[in-house]
Each structure stands twice: as structure tokens, then as C-alpha cells.
Amino acid sequence: MPKNNLVILKLGGSVITDKKNNRKKINKNNLERISKEITEAMSKKGFSLIIVHGVGSYGHVIAKKFNLSNGYKNKHQIQAVAELYCDLKELNLEVIKTIKSRGMDVIPFQQSSAWKSHNKEISNPNLDVIKNYLALGFTPVLHGDLMTDDKLGFSVLSGDKIVYYLARKLKARRVILGTDIDGVFDADPNINKKAKLMKIVNSKNINNLLIGKSIAMDVTGGMSGKVKELLKLAELGIESEIINISKSNILKKSLCGQKDLGTIIKK
Ligand SMILES: Nc1ncnc2c1ncn2[C@@H]1O[C@H](COP(=O)(O)OP(=O)(O)OP(=O)(O)O)[C@@H](O)[C@H]1O
Ligand SMILES: [Mg+2]
């Protein structure tokens, strides 16, 4: 598969928001440190970048409360959807502003205004705008979102699915998913304290792992949903990595090319 110099990076909602406490609050320390690490790595290594951020406590809580992930059920959900969009805008603006304050040319791209889904999968994507921004040297920033859905009325699209989609369509050189844990463990570390970190996850060893969702509220499958998307990517020959970006400098090292920092998902 032809490769370009594009890196796709997900900033987990578990790191940039106070997800564990279900509090609609941004983790400013993490966001500022992460922004600094990204900027330093980019000026050192010079690559194209797309950032996708998760929504953490800004999305999952309301989505769970109003059962938004299973599509339109009743009119009470509509008000919740409107509220959710406001919350996502608020989070996205803070992410954009913080990264921009470090001197990076970030640009927001809200895919729910441009794309739609069919039964929870992106269905009519046009990537021209993103490609144009990349060609001009911008870093597009997307996020987990609520889409209009041809079959379900609306559906929740995880940041992990967006990463899968963009990496596949744009043939990313590297795909890095930052979250609040060191990688994929052989069992849910919230339940099994003896769980061990896996260096590699692939279609052969996945069936021996007990991957859970999330200790926090997560309507898109937490770690299990993430790995599912990344294994689909691996089948296409695109490797990805899950790393812990709640710890200092892991992200910077990863963006600078280091590869043994978490779990690699490959064929
Ligand atoms: N086997 C496992 N290995 C690693 N983490 C696991 C495992 N099983 C469950 N988890 C949980 O998955 C969580 C990470 O997934 P989660 O979706 O919450 O993070 P995120 O992607 O950073 O957030 P967001 O979805 O808001 O962007 C970890 O905090 C951990 O509690
Ligand atoms: Mg998640």
C-alpha cells in the first residue's frame, strides 16, 4: 500500500476531559502538555497531521442518558442532541485554541455537517476539503460526533471509527491512538489487577484477550470498540499504535518515530 507522510493522531477523551468522574470538565494540564508535545515533534520531524479528539465526559454521559447511540427513539432525544452539539463545540473550541496557542495551524472540520452515516457507518464521505487543508499545510481537527443516519435517524460516531476511516482512505503513514492507559492488556485492568500489557495485538492473539469497555461511561465500546476498528485497519495492512498520553513525553517520542511505547495493532 502506498504511503505518504501523513500521521493520524487520536487524543483520547479519557485524557483531555475528566471522563472518569463523568464531569463535563476539560483536563487543561493534559491538553496544554499534549499541545506542546505535538508542536515540538512536528517542528522536529515535519509531517502532515490530522488530529481526531475523543469526547470523553462531553459526549458519552448525555449519549448514554438519552440512549442516543441506538438512533432516534422519541422526541425527547432531540433536545438532548441539540445540547450535545453545543457541548462538542465547546470542547472542540478549547482543543483548537489550546493547540493553536502553541503556534500550530489547526483548523476544525465537523464531519456531521459534511457527512452522514448509514447504520452507524460513514456513508457519503467527501475528503476533498480535508485534502485541500492538508495541502495548504493545515492540521485538520475532527472529533467523535453525532451524525444524521439514513437508517437510524442519527447515530454516534466514535473518534476511533473516524481514525479508521481517515487512515484507510488517506493511506496514513502512521496511526497513533493516545489514551489514558499504557496500551491493550490481556484482560480488563479495572477488573483483573494481574492483567499484562500486550506489545502486539493481531487477529491471531485477539481471541485470547479479555478486552473490556471502559471504567468511565463510553457508548462506543471503550477499549474493545477501539481495538475492533484498529484490527480492521490492520487487515488492510495499516498498522496502528495505542499509547498512554496521560504520561509526559510518550506522545512526543511516538510522534518522533519511537515504536515500543505501547501496543501495536498489526496483521
Ligand atoms: N484489556 C484492556 N486493556 C486496556 N484498557 C482496557 C481494557 N479493557 C478495558 N479497558 C479500559 O479502556 C479504557 C480506554 O478506553 P476509552 O474509550 O475510555 O478511552 P478513550 O478512547 O481515551 O476515550 P474516548 O472514547 O472518550 O475518546 C481504559 O481506561 C481502560 O479502563
Ligand atoms: Mg472510547
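So, a few notes on the structure that sits alongside this text.

Calculation rules
- Residues numbered from 1 in each chain as written.
- Chains lettered and ligands numbered in written order.
- Predicted model: local features only at pLDDT ≥ 70, side-chain atom pairs only at ≥ 80, totals over all residues.
- Heavy atoms only, no water.
- Pairing = 2+ DSSP bridges.
- Helix = DSSP H or I, 4+ residues; strand = E, 2+ residues; numbered from the N terminus.
- Contact = heavy atoms within 4.5 Å.
- Axes fitted to C-alpha atoms, helices over the stretch in contact; angles between N-to-C directions.
- Near = heavy atom within 4 Å.
- Polar contact = N/O pair within 3.5 Å; in protein donor to acceptor, adjacent residues only side chain to side chain.
- Areas by Shrake-Rupley, 256 points an atom, 1.4 Å probe, with all protein chains shown as cover.
- 1 Å grid on protein atoms, 1.4 Å probe; cavity = no way out; pocket = protein on both sides within 12 Å on 5 of 7 lines; lining within 4 Å.
- Sits in = over half its atoms within 2 Å of the grid points.
- Nonpolar A, V, L, I, M, F, W, Y, C, P; charged D, E, K, R; others polar.
- Points joined across faces, edges and corners; volume = space filled by probe spheres on them.
- Parallel < 35°, antiparallel > 145°, perpendicular 65-115°, else oblique.
- Buried < 20%, exposed > 50% of the residue type's maximum accessible area, 1.4 Å probe, protein only.

**Re the sheet that holds strand 9 (residues 174–179)**
Strand pairing in a sheet is mediated by backbone hydrogen bonds. Such pairs are either parallel or antiparallel. Overall, mixed pairing links the 8 strands, which are arranged 3-6-2-1-9-11-12-10 in an open sheet. Each edge of the sheet is formed by a strand with only one pairing partner; in this case those strands are strand 3 (106–108) and strand 10 (200–201). Against the sheet, helix 8 (residues 222–235) contacts strand 1 (6–11), strand 9, strand 10, strand 11 (240–244) and strand 12 (263–265), and its axis sits at roughly 150° relative to strand 11.

**Brief notes about the site of ligand 1**
Around ligand 1 sit 29 residues in total, of which Lys10, Ser14, Asn190, Asp218 and Lys226 are the nearest. Within the side chain of Asn190, one N or O atom sits 2.7 Å away from an oxygen atom of ligand 1. One of the side-chain N or O atoms of Lys226 is found 2.4 Å from an oxygen atom in ligand 1. Starting from 640 Å² of accessible surface for ligand 1 in isolation, the protein chains cover 98%. For ligand 1, the cavity whose grid points lie within 2 Å of the majority of its atoms is the largest pocket. Within the residue set of the shell around ligand 1, elements represented by two or more residues are helix 1 (13–16) and helix 8. Sort the elements by how many residues they give to the shell around ligand 1 and helix 8 lands first, with 3 residues. A class-by-class count of the residues in the shell around ligand 1 yields 10 nonpolar, 12 polar and 7 charged.

**A word on the layout of surface pockets**
Empty space within the largest pocket amounts to approximately 590 Å³. Lining the largest pocket are 45 residues, with Lys19, Ser214, Asp218, Gly222 and Met223 positioned closest to its centre. Among the elements of the structure, helix 1, helix 3 (60–65), helix 4 (76–100), strand 7 (145–149), strand 8 (153–157), helix 7 (159–170) and helix 8 are those that each provide at least two residues to the lining of the largest pocket. At 3 residues, helix 8 tops the list of elements feeding residues into the lining of the largest pocket. Residues that form the lining of the largest pocket fall into these classes: 18 nonpolar, 17 polar and 10 charged. Taken as a whole, the second largest pocket spans an internal volume of roughly 370 Å³. Elements that contribute at least two residues to the lining of the second largest pocket include exactly helix 7 and helix 8. At 4 residues, helix 8 tops the list of elements feeding residues into the lining of the second largest pocket.

**Topic: unusual backbone geometry**
A positive phi is found at Asn67, a non-glycine position, where the angle reads about 50°. Assignment of secondary structure puts Asn67 in the loop between helix 3 and helix 4. The phi torsion at Lys171 lies on the positive side, around 50°, for a residue other than glycine.

**As for the packing of helix 7 against helix 8**
The N-to-C vectors of helix 7 and helix 8 enclose an angle of 10°; their axes lie 9 Å apart at closest approach. By the angle between their axes, helix 7 is roughly parallel relative to helix 8. Here helix 7 contributes Asp160, Lys161, Tyr164, Ala167 and Arg168 to the contact with helix 8, which in turn contributes Gly222, Lys226, Glu229, Lys232 and Leu233. Residues that form the contact of helix 7 with helix 8 fall into these classes: 3 nonpolar, 1 polar and 6 charged.

**Concerning the environment of Ser117**
With respect to the helices, strands and loops of the structure, Ser117 is situated in strand 4 (residues 117–118). Looking at Ser117, the relative accessible area reads 0%, which means it is buried. When the C-alpha positions of Ser117 and Ser69 are compared, they lie 12 Å apart, and in sequence the two are 48 residues distant. The residues contacting Ser117, other than those within four sequence positions of it, are Ile122, Ser123, Met147, Thr148, Asp149, Asp150 and Ser155. A polar side-chain atom of Ser117 sits 2.8 Å from a polar atom in the side chain of Asp149.

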